[in-house]
Amino acid sequence: MNSYLIETKYLSCRHSVDSELPNESIGSLYPVEDNYVIDKGGKTRSPKSLEELCIDSVCRNLADFDQEIPTGLPQELVDKLLHSLVNHSALNVSTLKALRKCELGELPLHRCRGVSDEWLIALNHGDTGNANGSNKYLDTHGEEYDSSSSSNSSFHSAMSTPRKLSNGLTGLRRENTIIDIPMTTETIMVDMPPVSATATTTLLDFRGSQKLTDRGLLHLNHLSALEVVRLDHCHSITGPGLVAISNSHLIHTLTMSNCRCLTDEAIANIGHLTLLTTLVLDGCRCLTNVALRTVGALTNLRKLDVSQCDLLTDDALRYLHQLVFLEELSLGWCRRISDRGIQILVEQPLRQENLLTLCLARCQVSDTGVRHLARLTALQNLDLNGCCDVKSLALGETLSALQHLQTLDVSYCPGILRSSWQGKIDSLKVLDLCYASVKDVHLSRLTHLPLLEEINFDSCQIGDWSLAHLADNNF
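Notes on the structure in this doc start here.

**Regarding the overall build of the protein**
Point 1. Counting its regular elements, the protein contains 14 helices and 20 strands.
Point 2. Taking all contacts inside the protein whose residues are at least 6 apart in sequence as the whole, residues at least 24 apart take part in 67%.

Structural data, given as structure tokens:
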């Protein structure tokens, strides 16, 4: 597989450990003697700052606190506490619960052990779950108290704080206007803005949380600031849980690779998030053409990955007609995609001008489909890994039309270099020929590839002569 795909597909494949970190083990992750930092180069060290020592001390004892961290901490300090817990692998349900009154800018749980529904339940325990917000009250003395057990807001502005007037009236400020309310013996209810630990969260990263289910996701609320959601390798998620992010209209990146039980219902729950530019669904093997019909309404998509979605057929590609801005499309291992699907794809509006990356690995593509690809004149990256029916001559004709092509993967395509590509791939930077039965005689026909930076001959029968030939011709 090409290097340009490796980063996007495999760097996030870390799975969480099943067992959660016990509370009594957290202290050992913050040893008291660890009070210095090693300088660059590793030769000298210097004492930690007072702030770093305080953060270490709080995190060391966080699971033993009787109460949660109070509201009002600066956002920067909350972020440092959370990142310290993540970096020390010290986050568990107890330490996360201690932060539930703080506004969390990010929730990166992909490096944590044993993430489950209980984590998210603990984080939001005590939230009203009411879209109208929590209710706060004024007693007869003009003092404020909360009907719920928690408040996740960092602060309340002075404009929303009730004050007692000199004439014995209780005054409320609302939109810079003081409303005088006669004192009574009854309790006065005042609606306050919604509060939640995730009210300002922009990133949810639950990659590898195999115990996390839809039930846990449904306990998340007030996600209006959310921009990036990563649920890769969450094998227990099926779809209903995505209702939790259905009102997060700022989301631009959503990755759910290898969520093997994900259904068409899940995609229906996010089909109205039109600001999405990146959608990764590779390995979601239960998705059908119905899911792609929903995806077709996400008109701002730039990247779509539905590789290994085995149930998709050629007709599913018709639903991509409105995705005119699509730059990267992966259909790898969709074995029901054939030459007809390629023809449907290349005939769609602006596809020739905008599509830069196309993966057709292991699809049922032959010379006919490859010839259709010649119309994608802006193409820079092409993956034909394992397309055994593609012949050297037909591919060479297509390559002559793809003047901007920089990366080509034709591994596992036997005899793909039997005809000469000389002068047709001058702009190529990466060429993958592993297991393509390449021999010395095939390479003798190539004498000028001025921009080539990487070439892969794994398991090809080439000798010293070919290597010398490549070096002599300044590859």
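**Side note on the environment of Leu379**
Point 1. Of note, Leu379 is situated in the loop between helix H11 (367–372) and strand S17 (381–383).
Point 2. Its relative accessible area of 0% is what places Leu379 among the buried residues.
Point 3. For the pair formed by Leu379 and Leu358, sequence separation is 21 residues and the distance between their alpha carbons is 7.6 Å.

**Regarding the environment of Asn221**
Point 1. In this fold, Asn221 is placed in the loop between helix H6 (214–217) and strand S11 (228–230).
Point 2. Between the C-alpha atom of Asn221 and that of Ala199, which follows or precedes it by 22 residues, the distance is 7.8 Å.

**Considering the pattern of salt bridges**
Point 1. If you walk through the whole model with that rule in mind, you get 14 salt bridges.
Point 2. The residue Arg207 makes a salt bridge to Asp205 at a minimum N-O spacing of 2.6 Å.
Point 3. Overall, Arg207 belongs to the buried group, its relative accessible area being 15%.
Point 4. Between Asp314 and Arg340 there is a salt bridge; the shortest N-O distance is 3.9 Å. Here Arg340 lies in helix H9 (residues 339–346) and Asp314 lies in the loop between strand S14 (303–305) and strand S15 (328–330), a separation of 26 residues in the sequence.
Point 5. Asp314 gets classed as buried once you look at its relative accessible area, which sits at 6%.
Point 6. What emerges from the salt-bridge pattern is a single network uniting Asp314, Asp315, Arg318 and Arg340.

**With respect to the packing of aromatic side chains**
Point 1. This model, assessed by the stated rule, comprises 1 aromatic pair.
Point 2. Relative to Tyr435, the ring of Tyr412 has its centre 4.8 Å away and its plane inclined at 10°; by these criteria the two rings are stacked. With a gap of 23 residues between them, Tyr412 in the loop between strand S18 (407–409) and strand S19 (430–432) and Tyr435 in the loop between S19 and helix H13 (440–443) connect regions that are remote in the sequence.
Point 3. Given the relative accessible area of 34%, Tyr412 is considered partly exposed.
Point 4. Over the ring of Tyr36 we find Arg45; its NZ or CZ atom is 3.9 Å from the centre of that ring.
Point 5. Sitting above the plane of the Tyr412 ring, Arg362 keeps its charged end 5.0 Å from the centroid.

**Some details on the sheet that holds S11**
Point 1. Strand order in the open sheet made by the 12 strands is S3-S10-S11-S12-S13-S14-S15-S16-S17-S18-S19-S20, with parallel pairing throughout. This sheet does not close on itself; its edge strands, each paired only once, are strand S3 (106–108) and strand S20 (454–456). Shown here is a sheet whose adjacent strand axes are inclined to one another by a mean of 5°, direction ignored.
Point 2. Pairing between S18 and S19: 3 bridges, direction parallel. Among the inter-strand pairings, Asp409 is bridged to a residue of S19, identified as Asp432.

**Describing helix H14 (residues 464–472)**
Point 1. All of the buried residues along H14 are Ser466, His469 and Leu470. Axial view of H14: buried residues confined to an arc of 100°, hence all on one face. Within H14, the exposed residues directed more than 90 degrees away from the buried face are Asp464, Ala471 and Asp472.

Conventions adopted
- Residues numbered from 1 in each chain as written.
- Predicted model: local features only at pLDDT ≥ 70, side-chain atom pairs only at ≥ 80, totals over all residues.
- Heavy atoms only, no water.
- Helix = DSSP H or I, 4+ residues; strand = E, 2+ residues; numbered from the N terminus.
- Contact = heavy atoms within 4.5 Å.
- Buried < 20%, exposed > 50% of the residue type's maximum accessible area, 1.4 Å probe, protein only.
- Salt bridge = Lys/Arg side-chain N within 4 Å of Asp/Glu carboxyl O.
- Phe/Tyr/Trp six-rings, centres within 6.5 Å; stacked < 30°, edge-to-face > 60°.
- Lys NZ or Arg CZ within 6 Å of the ring centre and 35° of its normal.
- Pairing = 2+ DSSP bridges.
- Axes fitted to C-alpha atoms, helices over the stretch in contact; angles between N-to-C directions.
- Arc of directions from axis to C-beta.

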